[in-house]
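# Structural overview for review
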Amino acid sequence: MTPRLRKYLELERLMLIMDEDGNQAADALRDAMDPIWYSLSGEERRILDQRNIGRIKSLEEIRVPAGSRVFGPAPPPAMRLALPKEPIRGWTLAA
Amino acid sequence: MSTVVLGGNRFVDCESILAYRGTAILKVGFAPLRLDLATPEDLPSHRVVRVDQQGWSPQDRVRVVRTPQSFAVFWEDDALAVATLLDPETAHLKLDLRPLGINIYDDPDGLHIGQNTFAGNRVSGSAAAISLGD
């Protein structure tokens, strides 16, 4: 996806949300998007024309802070434990 | 109407399930069922995965297994995401991105993201159902 197409889609989402709310600014934003639309390539416009756009109510519903609690180092390789050769006794008590 | 069931949550008609800084990182598509996964490129683990309609990478560590009713993405032997079609408009998603150093997974308690757990939510008509941000 090109940066120009990404910007167009972001603006379109905002426009659809405002349109859904009945906000008249949606029309102004739609008009303001025209220069970006015409700057897209023919292929990009063709892809956009072929979409089915659902009703978008919000950009994001749940927002979660990202940081070291979400993104961390790769986990170490799993320990290799061989299956026991003897029958396991008392496992129901442990469960 | 498309619905994704994940960790006891229902995501209805959402463009993406997860997004990071405004960019979708996990999408579920229907007809046919498919997953798009694009992890951030600046991960501390340096395990960057991309699965989309053009293919997947890195080719030597990521595997995609698909049938008409399911679509699964593996990091080596670990399942990252497994989508199963429950009916033509509903998919069940099992997610565990921990092998990539991303602390997001689901279990019977719900969907875990970092220290947060989400369960029993219904999100509809959202561009990004869950957005990870600063």
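Structure: above.
Quick look at the structure, then. From a predicted model like this one, the values you see are computed outputs, not experimental measurements.

## Comments concerning the sheet that holds strand β1 (residues 3-6) of chain B
All names here are of chain B. The 7 strands are arranged β8-β9-β10-β11-β1-β2-β15 in an open sheet whose pairing can be described as mixed. Each having just a single partner strand, β8 (62-67) and β15 (122-124) make up the two edges of the open sheet. Neighbour-to-neighbour, the strand axes of the sheet open up by a mean angle of 15°, direction not taken into account. Sheet analysis places strand β10 (residues 78-87) next to strand β11 (residues 90-95), joined by 6 bridges and oriented antiparallel. Paired with Leu85 across the two strands is Ala91, which belongs to β11.

## Some details on the environment of Ala79 of chain B
Residue and element names in this part refer to chain B. Relative to the assigned elements, Ala79 resides in strand β10. Overall, the relative accessible area of 34% leaves Ala79 in the partly exposed class. A C-alpha to C-alpha distance of 8.7 Å links Ala79 and Pro99, two positions 20 residues apart in sequence. Once you skip the residues sitting within four places of it in the chain, Ala79 turns out to touch Val73, Phe74 and Asp96.

## Topic: the pattern of salt bridges
Residues and elements named next belong to chain B. Across all of its chains, the model carries 9 salt bridges over all chains by this definition. Among the salt bridges present, the one from Arg34 reaches Asp36, with a minimum N-O distance of 3.0 Å. Residue classification places Asp36 among the partly exposed residues on the basis of a relative accessible area of 22%. For Arg63, the salt bridge is made with Asp77, and the minimal N-O distance between the two is 3.1 Å. Of this pair, Arg63 sits in strand β8 while Asp77 sits in the loop between β9 (70-75) and β10, and the two are 14 residues apart along the sequence.

About the thresholds
Residues numbered from 1 in each chain as written. Chains lettered and ligands numbered in written order. Predicted model: local features only at pLDDT ≥ 70, side-chain atom pairs only at ≥ 80, totals over all residues. Heavy atoms only, no water. Pairing = 2+ DSSP bridges. Helix = DSSP H or I, 4+ residues; strand = E, 2+ residues; numbered from the N terminus. Axes fitted to C-alpha atoms, helices over the stretch in contact; angles between N-to-C directions. Buried < 20%, exposed > 50% of the residue type's maximum accessible area, 1.4 Å probe, protein only. Contact = heavy atoms within 4.5 Å. Salt bridge = Lys/Arg side-chain N within 4 Å of Asp/Glu carboxyl O.

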